[in-house]
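Letter by letter, the chains look like this.
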Amino acid sequence: MAEEKEQEQIDAYMGTMELYQKIYDFLLYIYPILAQFPKFEKFAFKTAIFEMLKDVIRFKKTGTKSHIYAADVELQQIKTLIRLSYDLQYKAISKHRYEVISRHTRAIGGTMNGVIEAVKAGTWKPDK
C-alpha cells in the first residue's frame with residue numbers, strides 16, 4: 001500500500017517535469033512564428049506562455065494548488081489567442097501551423113490535467 005502511494009507520487013512528479021518540457025518544446029516551435037506577429041500581439045502570446053511556465057515552476061516548487069490552476073487558465077488564454085489569430089487569418093498562422101500548435105496545446109493540456117488529477121487525489125508532493 002505504501003509502495004503504491006509512493007509510486008503515484010513519483011508518477012505525479014514526473015508529470016510535472018513532462019509538463020515543463022512540453023511547454024518548453026511549444027516555446028521552441030512558436031517563437032519563430034511569433035516573430036511574424038505585430039508587436040502588441042507578440043507580447044500577449046509571450047506573456048501568457050511565460051506566465052504559464054512560471055506557474056508550473058511555482059507549483060513544482062511549492063505544491064500550491066492555485067499555481068497549477070493558474071497555469072491551466074493561461075493555457076486556455078493561449079488557446080484563445082491562437083484560435084483568434086487563425087480566425088483573423090494572420091499570415092503567420094497557416095492551417096498547418098494552426099494544427100501543429102493545436103497538437104502542442106492539447107499535449108500540454110493533457111499532461112496538465114494529469115497533474116491536476118494527481119493534486120485532487122492527493123498523490124502530488126512538492127519538490128523539496
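Heads up: these notes are all about the structure in this document. (Residues numbered from 1 in each chain as written. Predicted model: local features only at pLDDT ≥ 70, side-chain atom pairs only at ≥ 80, totals over all residues. Heavy atoms only, no water.)

Moving on to helix 4 (residues 95-121). In a regular helix each residue adds 1.5 Å, so 27 residues correspond to 39 Å; helix 4 covers 38 Å between its end C-alpha atoms and thus fits that length. Turning to helix 4, its buried residues are Val100, Ile101, Ser102, Thr105, Ile108, Gly109, Thr111, Met112, Val115, Ile116, Ala118 and Val119. In the segment just after helix 4, Gly122 is the residue with positive phi, at about 80°. (Helix = DSSP H or I, 4+ residues; strand = E, 2+ residues; numbered from the N terminus. Expected span 1.5 Å × (residues − 1). Buried < 20%, exposed > 50% of the residue type's maximum accessible area, 1.4 Å probe, protein only.)

Further remarks concern the pattern of salt bridges. Under the counting rule described, the total for this entry stands at five salt bridges. Between Glu18 and Lys22 there is a salt bridge, with its nearest N and O atoms 3.0 Å apart. Linking Glu18 with Lys22, this pair stays in helix 1 (residues 2-34), spanning four residues, or about one helical turn. The exposure class assigned to Glu18 is partly exposed, which follows from its relative accessible area of 40%. For Asp55, the salt bridge is made with Arg58, and the minimal N-O distance between the two is 3.4 Å. On the criterion of helical spacing, the pair formed by Asp55 and Arg58 is a turn pair, its members being three residues apart in helix 2 (residues 39-62). (Salt bridge = Lys/Arg side-chain N within 4 Å of Asp/Glu carboxyl O.)

Moving on, we come to the packing of helix 3 (residues 65-87) against helix 4. Contact pair helix 3 / helix 4: the axes reach a minimum separation of 10 Å and the direction vectors enclose 165°. Between helix 3 and helix 4, the crossing angle belongs to the class labelled roughly antiparallel. Two packed elements cross with a definite hand, and for helix 3 against helix 4 that hand is left-handed. On helix 4, the residues touching Lys65, Ile68, Tyr69, Ala71, Asp72, Leu75, Ile78, Lys79, Ile82, Arg83 and Tyr86 of helix 3 are Lys95, Tyr98, Ile101, Thr105, Ile108, Gly109, Met112, Val115, Ile116, Val119 and Lys120. (Axes fitted to C-alpha atoms, helices over the stretch in contact; angles between N-to-C directions. Parallel < 35°, antiparallel > 145°, perpendicular 65-115°, else oblique. Left-handed = near helix turned anticlockwise from the far one by under 90°. Contact = heavy atoms within 4.5 Å.)

This part is about a nonpolar patch on the surface. Taken together, the side chains of Tyr20, Tyr24, Leu28 and Ile57 define a hydrophobic patch exposed on the protein surface, amounting to about 370 Å² of accessible area. At three residues, helix 1 tops the list of elements feeding residues into the nonpolar patch. Tracing the backbone through its elements, the reader meets Leu28 in helix 1. (Patch = residues over 30% accessible without salt bridge, like charges linked within 9 Å, V, L, I, M, F, W, Y side chains within 5 Å. Areas by Shrake-Rupley, 256 points an atom, 1.4 Å probe, with all protein chains shown as cover.)

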